[in-house]
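Structural overview
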Amino acid sequence: MKRLSGIALLLLLTLTAFAQDDSRPKQPDLPGDLMVDFGMNLWSDKPELLPAKLWGSESVGIYYNHRVRFSDHFAFHASLGFTFDKYSFDGQYTWLRDDDGSVSLDTLAGAFLTKNKLSTTYLELPVEFRWHPLGTVNGEGWFIGLGGMAGMRIGGHTKIKYGIGEDEYKEKLYANFGLEQFRYGVQARFGFKTFHVFYKYYFNNVFDGPVDDSGIVPQAATIGINFSGF
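Residues numbered from 1 in each chain as written. Predicted model: local features only at pLDDT ≥ 70, side-chain atom pairs only at ≥ 80, totals over all residues. Heavy atoms only, no water.

**A word on unusual backbone geometry**
In this structure, phenylalanine 177 is a non-glycine residue whose phi angle is positive, near 55°. If you trace the backbone, phenylalanine 177 turns up in the loop between β9 (167-174) and β10 (182-191). For phenylalanine 177, a relative accessible area of 6% corresponds to the buried category. (Helix = DSSP H or I, 4+ residues; strand = E, 2+ residues; numbered from the N terminus. Buried < 20%, exposed > 50% of the residue type's maximum accessible area, 1.4 Å probe, protein only.)

Here it is, written out as structure tokens:
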């Protein structure tokens, strides 16, 4: 009798567990995939006080990508996500907050900068047309993509590391730094659906005006690789 009671209790618990599992909401199967861009940022010109360097100037883009198929050879891709850009600088000039609360380029008295970076975050909408020369069903295989993108800046900060004597300090400063609020450009992609290379070029200037007496206002470009299909 005890054994039968134990078996009955086990069956009841198993049925209850299945019933609870069936009642759980199902995750939606979204018609798209995740794209991750990783690249290096370039400036068209280098302001005298902000000599940007390639090493340390990374770009990471994370987008949800939706494909609209026209035929076995042509498709339209629309994405939405975030782009995180960093620019690394040589030299000792960085943005500092003045006594009146404003922010301007200056040197840090008595300190030597060992890290000097500007980081920006954009909400971005990339779009492109893809041509599959060998044909495709679900976007697999070789492709060439051409399109554009538009973005809105939603954040920005600097990160510096410096030494004074034997001590080392790290600081972050949040401001707009004279950056353009919106940006737009063109992009080209080549490769497979799940892995390809890309090039982005932004038409607008990085800043809304010159940052120093050189009068240089750089434009930005990014070259890198992409992983898709997550």
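**Quick notes on the pattern of salt bridges**
Taken as a whole, this structure holds ten salt bridges when the rule is applied. Arginine 183 is the partner of glutamate 124 in a salt bridge, and the nearest nitrogen-oxygen pair spans 3.0 Å. You can see glutamate 124 sitting in strand β7 (residues 112-131) and its partner arginine 183 sitting in strand β10, a full 59 residues away along the chain. We classify glutamate 124 as buried; its relative accessible area is 1%. Close ionic contact of glutamate 128 with arginine 189 constitutes a salt bridge, the shortest N to O distance being 3.5 Å. Pair noted here: glutamate 128 is in strand β7 and arginine 189 is in strand β10, with a separation of 61 residues, a long-range link. For arginine 189, a relative accessible area of 2% corresponds to the buried category. What you see here is one network of salt bridges that share partners, running through Asp37, Glu128, Arg130, Arg189 and Lys200. (Salt bridge = Lys/Arg side-chain N within 4 Å of Asp/Glu carboxyl O.)

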